[in-house]
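# Understanding the architecture of this molecule
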Amino acid sequence: MRLILLGPPGAGKGTQAQRLVHRHGIVQLSTGEMLRAAVAAQTPVGLKAKDIMACGGLVSDDIVIGIIAERIEQPDAAKGFILDGFPRTVPQAEALDRLLKSKGLKLDAAVELRVNESALLQRVEARVAQMRERGEEVRIDDTPEVLSKRLASYRTLTEPLVHYYSEKRKLVTIDGMMTIEHVTREINRVLAAITASDKPAKKASHKAASKVAAAKRALGSKTAARKTGNFPGKTSSGSTKAVKKAPKSARKAAKSTSKAAKKPIRRASRKPAARNAKAAGKSAKKVTKKRAKR
Ligand code: ADP
């Protein structure tokens, strides 16, 4: 499973990512964590990123894209991954698309955790207090001033990704204002529906393919019958009942062989799937008409 977690700082991406890691046995790739590690280790990337991060700015796209490209090559990411904090800009999302495409990989979903901005400062303050209690080092960008800068950059640079993934039919929006447990349950429910809708759709496409073949045969024999006047379904009494049935079953079969069935239906409640089915039904009718004209 390959996922993206989208949401402003304090939305709960880290918490939910950890739970997904356990549930699906995949790795969490957090660019923030990776960059903090690079800063701590004083690597060349860390030296470049340090000041930008401290004031809540964004590290250059090239750097983070490079980090992610390298990281998803690692064997532990083969089973899948959750991207947390990446992509953060549209160019990063486009780079990710190219990267995945070049490796023949697909993204399952971009999960957006939607939260009220007014709750975020409180959440981050609570996180800081807990970290202090545990004696952990507090992030230097977890201050009210820097947080407001990070929020502003989320709004202008990252939020457009909601539209980006919605257009690609990958977006799943979860109410991040619910309790942690509820959010987890909701994410699991939606992801289960996505996985389930992918599987039967693949099976369905085989079924659909054989139905289409049957439909074509039925249409073909009717056309031939029209040309020759020799109706194969004609009974000895001259009834054409069986033949009359053919176009109906053909239409039915062709209808079920929607584009949506060939392309796995991505979301349980997606209207476009129904639209595709309708379109396929229409094109099947066109074929019937065309053939009838001949
Ligand atoms: P949060 O989501 O809580 O703001 P992160 O831990 O994801 O924090 O990131 C911390 C900082 O690391 C960001 O403010 C930014 O400076 C840098 N960073 C992380 N990911 C990216 C990214 N994809 N592109 C640019 N900068 C990033």
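Below is a summary of the structure that appears in this document.

Conventions used here
- Residues numbered from 1 in each chain as written.
- Predicted model: local features only at pLDDT ≥ 70, side-chain atom pairs only at ≥ 80, totals over all residues.
- Heavy atoms only, no water.
- Helix = DSSP H or I, 4+ residues; strand = E, 2+ residues; numbered from the N terminus.
- Areas by Shrake-Rupley, 256 points an atom, 1.4 Å probe, with all protein chains shown as cover.
- Salt bridge = Lys/Arg side-chain N within 4 Å of Asp/Glu carboxyl O.
- Buried < 20%, exposed > 50% of the residue type's maximum accessible area, 1.4 Å probe, protein only.
- Near = heavy atom within 4 Å.
- Polar contact = N/O pair within 3.5 Å; in protein donor to acceptor, adjacent residues only side chain to side chain.
- Core = buried A, V, L, I, M, F, W, Y, C linked by side-chain atoms within 4.5 Å.
- Contact = heavy atoms within 4.5 Å.
- Axes fitted to C-alpha atoms, helices over the stretch in contact; angles between N-to-C directions.
- Nonpolar A, V, L, I, M, F, W, Y, C, P; charged D, E, K, R; others polar.
- Pairing = 2+ DSSP bridges.

The next subject is the overall build of the protein. Along the backbone of the protein there are twelve helices and five strands. Carbon and sulfur atoms provide 55% of the accessible area of the protein, an area that totals close to 17,100 Å².

Using the criterion set out here, one finds 14 salt bridges in the structure. Glu 73 is paired through a salt bridge with Lys 103; the nearest N and O atoms lie 2.2 Å apart. Of this pair, Glu 73 sits in the loop between helix 4 (61-71) and strand 3 (81-84) while Lys 103 sits in the loop between helix 5 (90-102) and strand 4 (109-114), placing them 30 residues apart in sequence. What makes Lys 103 partly exposed here is its relative accessible area of 33%. One salt bridge connects Asp 141 with Arg 139, and the closest N-O pair in it is separated by 2.9 Å.

Looking now at the site of the ligand. Residues in contact with the ligand amount to 18 residues; listed here are only the nearest, Thr 31, Arg 36, Gly 57, Gly 85 and Arg 150. With respect to the ligand, the side chain of Arg 36 contributes an N or O atom lying 2.9 Å from an oxygen atom. In this structure, a nitrogen atom belonging to the ligand sits 3.1 Å away from a main-chain N or O atom of Val 59. Calculation on the ligand without its partners gives an accessible area of 550 Å², and the protein chains cover 96% of this total.

Turning our eyes to something else, we now look at the nonpolar core. Among the nonpolar cores identified, the biggest contains 28 residues, and Ile 4, Leu 35, Phe 81, Leu 83 and Tyr 165 are the most heavily contacted of them. Counting only elements with at least two residues in this core, the list comes to strand 1 (2-6), strand 2 (27-30), helix 3 (44-54), helix 4, strand 3, helix 5 and helix 8 (160-167). Those residues within four positions of Leu 35 in sequence are excluded, and the remaining contacts are Val 45, Ala 49, Met 53, Val 59, Ile 63, Val 64 and Ile 67. Ala 109, Val 111, Leu 151 and Val 172 belong to the second largest nonpolar core, which has 21 residues in total.

All right, on to the packing of helix 5 against helix 8 then. To characterise two packed helices, one gives the angle between the axes of the helices and the distance between these axes. Where helix 5 contacts helix 8, the axes come no closer than 9 Å and their chain directions differ by 35°. Contact residues: Val 90, Ala 93, Glu 94, Leu 96 and Asp 97 in helix 5; Pro 160, Leu 161, Tyr 164 and Tyr 165 in helix 8. Its residues assigned to classes, the contact of helix 5 with helix 8 shows seven nonpolar, no polar and two charged.

For the rest of this paragraph, the subject is the pairing of strand 1. Side chains on a regular strand alternate between the two faces of the sheet. With five of five residues buried, strand 1 lies mostly within the body of the structure. On strand 1, burial covers both faces: Arg 2, Ile 4 and Leu 6 on one face and Leu 3 and Leu 5 on the other are all buried. In terms of strand pairing, strand 1 meets strand 3 through four bridges, oriented parallel. If you follow Ile 4 over to strand 3, its bridge partner there is Leu 83.

The subject of this paragraph is the sheet that holds strand 5 (residues 171-175). Ordered by their spatial adjacency, five strands build an open sheet running 2-3-1-4-5, and the pairing between neighbours is parallel. Edge positions in the sheet fall to strand 2 and strand 5, since each has one partner strand and no second. Strand-to-strand twist in this sheet, taken as the mean axis angle between neighbours without regard to direction, amounts to 25°. For strand 2 and strand 3, the ladder comprises four bridges, and the chain directions are parallel.

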